[in-house]
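# A look at the structure
Here's the letter readout for the chains.
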Amino acid sequence: MASPNSYPGGLNLAGTVFQNGPATLQLGGEVYLSGLVQWVDTISGDNANAGNKPELPVATLAQAITNSAANGVIIIGEGSSESLGSSQSIGANTGLAIFGCGTGSSRPRYTCTGTVEMLNLAASGAWLEGIYFPASTAAATSRVTIGADGITVKDCYFECGASDTNRALRVRGISRIEGCSFVVTASRPAIGVEVDAA
């Protein structure tokens, strides 16, 4: 029996919110996505869906994390947007990869609305790519915290605004940050990247 994540003819996502995935997520030719795959579309998704097919996505990142497993993949659709006032933690899912589809400001947008570590990457080997973090509306402790070794944060965009009095990205492990942009939108931001105690 073939894996439900194997697409021998390629994964045709043309005309969907998933069509402009990052280069790391090659979706041409034969495609095999290992692990449990979760699809997120905050515009037309539904958390009652299983989220394991692009045509039946869940509506929130929190639901995708709940549904996911170690070495899984979460793919967030272009134009998706969420405001998060509580921390989203990836602690149990070692090797979980989260990919945002889209380019520029059409990438998935996650705005921090609480005084929290908005996205806590606490599982080794996690991967975060292609997410747009607009300026926070509350004094976030951090938008992304890297709390384990072997984590990659790639091609993410961080706006640092008047409420961003702490840090955009906190690093607490041996990890890689590649191709990220940090843009100041107000005179108050404190720290773009902080390398914290191990």
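Before reading further, recall that the structure is shown in the block above.
Here we summarise the structure given alongside this text. (Residues numbered from 1 in each chain as written. Predicted model: local features only at pLDDT ≥ 70, side-chain atom pairs only at ≥ 80, totals over all residues. Heavy atoms only, no water.)

On a plain count of helices and strands, the chain comes out with one helix and 18 strands. With 198 residues in all, the chain has 49% of them scored as buried. The long-range fraction of contacts in the chain, counting pairs at least 24 apart against all pairs at least 6 apart in sequence, stands at 71%. (Helix = DSSP H or I, 4+ residues; strand = E, 2+ residues; numbered from the N terminus. Buried < 20%, exposed > 50% of the residue type's maximum accessible area, 1.4 Å probe, protein only. Contact = heavy atoms within 4.5 Å.)

Before going further, it helps to examine a nonpolar patch on the surface. Where nonpolar side chains cluster on the molecular surface, the patch consists of I177, F182, V193 and V195 and spans about 330 Å² of accessible area. Mapped onto the elements of the fold, V193 is located in strand β18 (residues 191-195). (Patch = residues over 30% accessible without salt bridge, like charges linked within 9 Å, V, L, I, M, F, W, Y side chains within 5 Å. Areas by Shrake-Rupley, 256 points an atom, 1.4 Å probe, with all protein chains shown as cover. Salt bridge = Lys/Arg side-chain N within 4 Å of Asp/Glu carboxyl O.)

The next thing to look at is the sheet that holds strand β7 (residues 97-100). Here six strands make up an open sheet; going across it, the order is β3-β4-β7-β10-β13-β16 and the pairing parallel. With partners counted over all chains shown, the strands left at the sheet margins are β3 (37-40) and β16 (176-178), one partner each. The sheet shows a mean angle of 10° between the axes of neighbouring strands, direction not considered. The pairing of β7 with strand β10 (residues 127-129) spans three bridges and is classified as parallel. Within β10, the residue paired with F99 across the bridge is E129. (Pairing = 2+ DSSP bridges. Axes fitted to C-alpha atoms, helices over the stretch in contact; angles between N-to-C directions.)

What follows concerns the pattern of salt bridges. Under the defined criterion, the tally for this structure stands at nine salt bridges. A salt bridge links K154 to E178, with the shortest nitrogen-to-oxygen separation between them at 3.9 Å. Taken as a pair, K154 in strand β13 (residues 152-154) and E178 in strand β16 lie far apart in primary sequence, 24 residues in all. One network of salt bridges, in which partners are shared, links E117, R167, R170, R172, E194 and D196.

A word on the sheet that holds strand β6 (residues 88-90). The five strands lie next to each other as β6-β9-β12-β15-β18, forming an open sheet whose pairing is parallel. Since the sheet does not close on itself, it has two edges, and those belong to β6 and β18, each with one partner. Geometrically, the sheet is characterised by an average inter-axis angle of 10° between neighbouring strands, direction not taken into account. By the bridge criterion, four bridges tie strand β12 (residues 142-146) to strand β15 (residues 167-171) in an arrangement that is parallel. For V144, the partnering residue across the bridge sits in β15 and is L169.

The next point concerns unusual backbone geometry. At N71, a residue that is not glycine, the phi angle is positive and equals roughly 60°. Summarising the element assignment, N71 is placed in the loop between α1 (61-67) and β4 (73-76). Within the chain, D155 stands out as a residue other than glycine whose phi angle is a positive 50°. By secondary structure assignment, the location of D155 is in the loop between β13 and β14 (157-160).

This part covers the packing of aromatic side chains. For the structure shown, the criterion picks out three aromatic pairs. A ring pair is formed by F158 and F182, whose centres lie 4.9 Å apart and whose planes are at 5°; its orientation type is stacked. With F158 in strand β14 and F182 in strand β17 (residues 181-184), this residue pair connects regions lying 24 residues apart in the sequence. F158 gets classed as buried once you look at its relative accessible area, which sits at 0%. (Phe/Tyr/Trp six-rings, centres within 6.5 Å; stacked < 30°, edge-to-face > 60°.)

Attention now goes to the nonpolar core. Of all hydrophobic cores here, the largest spans 35 residues; its most connected members are I74, Y110, L128 and F133. Looking at this core, the elements with two or more residues in it are α1, β4, β8 (109-112), β9 (117-121), β12, β14 and β15. Those residues within four positions of I74 in sequence are excluded, and the remaining contacts are Q38, V40, L61, A64, I65, S68, L96, A97, I98 and F99. (Core = buried A, V, L, I, M, F, W, Y, C linked by side-chain atoms within 4.5 Å.)

A few words on the environment of T111. On the secondary structure map, T111 appears in strand β8. Residues T111 and S136 lie 25 residues apart in sequence; the distance between their C-alpha atoms is 5.7 Å.

In this section: the state of the cysteines. Per the counting criterion, the structure on display carries zero disulfides. Free of any disulfide, C156 has its nearest cysteine sulfur in C180, 4.8 Å distant. By relative accessible area, C156 is classed as buried at 1%. The buried category is assigned to C180, whose relative accessible area is 18%. (Disulfide = S-S within 2.5 Å.)

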